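Chain and residue survey
Each chain is listed here by its residues.
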Amino acid sequence: MNILLTGATGFVGKKLTSALLDKGHHVYAIVRNLKKAESLISSVSPSLQKNLVILEGDVIYKNVGLSEDTVHFLKENIDTVYHVAAFLSFDENVREQTFAINLEGTRNVLELAKEIKVRNFFHVSTAYTLGQQLHAFETLHPVDNQFINPYEESKCYAEHLVFEYKDQFNVNIFRPSIIIGDSKTGEAETTFALYGVIRGLELIKRRMERKKDLQNRTFKFLCNQEVTQNFVPVDYVIDVLTAALLHAKKNTIYHITNSNPPTNQLIFELIQEYLDLPNVVMVPTDYPGQLSPEEQAFNQPMSVFYDYWTKDLQFSDANTRELLAEVGLEPLVMDRDILMRIIGKREQVLSRGAS
Ligand SMILES: NC(=O)c1ccc[n+]([C@@H]2O[C@H](COP(=O)([O-])OP(=O)(O)OC[C@H]3O[C@@H](n4cnc5c(N)ncnc54)[C@H](OP(=O)(O)O)[C@@H]3O)[C@@H](O)[C@H]2O)c1
């Protein structure tokens, strides 16, 4: 099949490109940064590179910035669009940019898909479009919900927009939760979420090693121990996205989530073990006591995650289970060993970078 893909230079898009090429498909990747395109091409096995076509474009423009000739060439030539590109910032200060890319960008990709007459539009969203609900089903969530940040809100609006096109082509929405490294290799090319926290803890460790007066002190990390984090390994996400090509049901939403997510306590224990951080202790995010200036400097940037660290969420994934069964795959079981491999891999990368 011929597939048009946005976001191919990102964490998920890069893996998806390789997986689609491995399965014998041709991939047309819309890329805004040609340097990153080179890295994408070199990540693909040489024998498959001829099946990867780079199209320079940007989702914020009409026709995604493609020339008329390119649009003409794509017309009736593309089977499925995977719209993966997004701006993953939780920052209220960049709300406009977040909506420009995640909502208006999605509109531009949908319009292009309509113009070139595709069969399927696969939209990668997020499990966190659920607003303040604690249990989410694989249905559209209301847009008048309260959202934690503009990222969630923009993705919720984009989901509704995608469904407005269901008379033009089949639409499917895929909602991964928090994507972490590969379950088999541990590798992850991202600085998002878990990786930002590990990076922060690693910087604290270095600071403690450098400053003698910090060495015998206990350092407080504000994070609620008993709450779970819905982590999913990136290869599980790719399995679901690729299974969808042949088996997705018309106009259906799929949660790519973890039914047995790890607690913050377990995640932290594993990070502590790998970074060898004995003096850091977890205290609740509403800790009433005083924090030292170092503790404040570390914990303040983490506050964007507090809403995610204070409530347990549940995601029903019956549609995804059914989809996976079609290709003989089981739903995710992420045990301690897999989590350790993913966190450990990150630590090795950090150590190599530091040496
Ligand atoms: N990572 C997670 O934990 C997570 C969880 C749930 C859902 N998701 C969703 O999964 C998808 C992929 O996320 P990711 O982790 O792979 O993100 P990522 O690594 O930040 O990649 C984002 C991709 O989007 C591209 N992009 C951004 N703005 C663009 C624009 N204006 N025009 C064209 N391309 C643009 C980026 O291009 P450049 O390389 O040029 O920047 C990059 O290829 C997103 O839709 C995200 O919302 C991610």
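In short, a report on the structure. The structure presented is a predicted model; accordingly, all values stated were derived computationally and were not measured.

Reading the values: rules and limits
- Residues numbered from 1 in each chain as written.
- Predicted model: local features only at pLDDT ≥ 70, side-chain atom pairs only at ≥ 80, totals over all residues.
- Heavy atoms only, no water.
- Phe/Tyr/Trp six-rings, centres within 6.5 Å; stacked < 30°, edge-to-face > 60°.
- Helix = DSSP H or I, 4+ residues; strand = E, 2+ residues; numbered from the N terminus.
- Buried < 20%, exposed > 50% of the residue type's maximum accessible area, 1.4 Å probe, protein only.
- Salt bridge = Lys/Arg side-chain N within 4 Å of Asp/Glu carboxyl O.
- Core = buried A, V, L, I, M, F, W, Y, C linked by side-chain atoms within 4.5 Å.
- Contact = heavy atoms within 4.5 Å.
- Near = heavy atom within 4 Å.
- Polar contact = N/O pair within 3.5 Å; in protein donor to acceptor, adjacent residues only side chain to side chain.
- Nonpolar A, V, L, I, M, F, W, Y, C, P; charged D, E, K, R; others polar.
- Pairing = 2+ DSSP bridges.
- Axes fitted to C-alpha atoms, helices over the stretch in contact; angles between N-to-C directions.
- 1 Å grid on protein atoms, 1.4 Å probe; cavity = no way out; pocket = protein on both sides within 12 Å on 5 of 7 lines; lining within 4 Å.
- Points joined across faces, edges and corners; volume = space filled by probe spheres on them.

The next thing to look at is the packing of aromatic side chains. The description of an aromatic ring pair rests on the distance of the ring centres and on the angle between the ring planes. In total, this model carries 19 aromatic pairs according to the counting rule given. Ring geometry for Tyr 128 versus Phe 315: centroids 5.7 Å apart, planes at 80°, classification edge-to-face. A residue pair is termed long-range when its members are at least 10 positions apart, and Tyr 128 in the loop between β5 (120–124) and β6 (135–136) and Phe 315 in strand β13 (residues 314–315) qualify at 187 residues. The residues Tyr 128 and Phe 315 share a single accessibility class, namely buried.

The bulk of non-glycine residues show a negative phi, and the bulk of peptide bonds are trans. Even without glycine at this site, Asn 251 takes up a positive phi of about 50°. Residue classification places Asn 251 among the partly exposed residues on the basis of a relative accessible area of 23%. For Asp 276, which is not glycine, the phi dihedral falls at a positive 55°. Within the secondary structure, Asp 276 sits in the loop between α8 (264–275) and β12 (280–283).

Attention now moves to the pattern of salt bridges. One pass over the structure, following the stated rule, counts 16 salt bridges. A salt bridge links Arg 95 to Glu 153, with the nearest nitrogen and oxygen atoms 3.1 Å apart. Of the two residues, Arg 95 is situated in helix α4 (residues 95–115) and Glu 153 in helix α5 (residues 150–163); the sequence distance between them amounts to 58 residues. By relative accessible area, Arg 95 is classed as partly exposed at 29%. For Glu 295, the salt bridge goes to Lys 220, with nearest N and O atoms at 3.5 Å. Of this pair, Glu 295 sits in helix α9 (residues 293–302) while Lys 220 is found in strand β9 (residues 219–222), placing the two residues 75 residues apart along the sequence.

If you look at the biggest cluster of nonpolar residues, it comprises 84 residues, and the most contacted ones within it are Tyr 82, Leu 194, Leu 201, Phe 221, Leu 241, Val 280 and Trp 309. Top contributing element to this core by residue count: helix α7 (residues 234–247), with nine residues. Discounting residues that sit within four places of it in the chain, Leu 194 has contacts with Ile 180, Phe 231, Ile 267, Ile 271 and Ile 343. Membership of the second largest hydrophobic core comes to 31 residues, among which are Ala 85, Val 109, Ile 116 and Phe 121.

Take the site of the ligand next. Around the ligand, the surrounding shell holds 26 residues, and the nearest of these are Thr 9, Asp 58, Val 84, Tyr 151 and Ser 177. Between the ligand and Phe 11, the relevant distance is 2.9 Å, taken from an oxygen atom to a main-chain nitrogen or oxygen of the residue. A distance of 2.9 Å is found between an oxygen atom of the ligand and a backbone nitrogen or oxygen belonging to Val 12. Where the shell around the ligand is concerned, the elements lending two or more residues are α1 (11–22), α5 and β8 (178–180). Class assignment of the residues belonging to the shell around the ligand gives a composition of 15 nonpolar, seven polar and four charged.

What follows deals with the sheet that holds strand β4 (residues 80–83). In space, the seven strands of this open sheet follow the order β3-β2-β1-β4-β5-β7-β11, with parallel pairing throughout. The two strands at the open ends of the sheet, each matched to only one other strand, are β3 (52–56) and β11 (253–256). When strand polarity is set aside, the average angle formed by the axes of neighbouring strands in this sheet is 20°. By the bridge criterion, four bridges tie strand β1 (residues 2–6) to β4 in an arrangement that is parallel. Pairing of Leu 4 across the sheet is with Val 81, part of β4.

Before going further, it helps to examine empty space enclosed by the protein. In total, this model carries one cavity of 30 Å³ or more according to the counting rule given. Of the pockets and cavities examined, the largest cavity occupies roughly 90 Å³. In this structure, the largest cavity is lined by Tyr 128, Ile 178, Thr 228, Gln 229, Asn 230, Pro 261, Tyr 308, Lys 311, Leu 313 and Phe 315. Grouping the constituent residues of the lining of the largest cavity by class yields six nonpolar, three polar and one charged.

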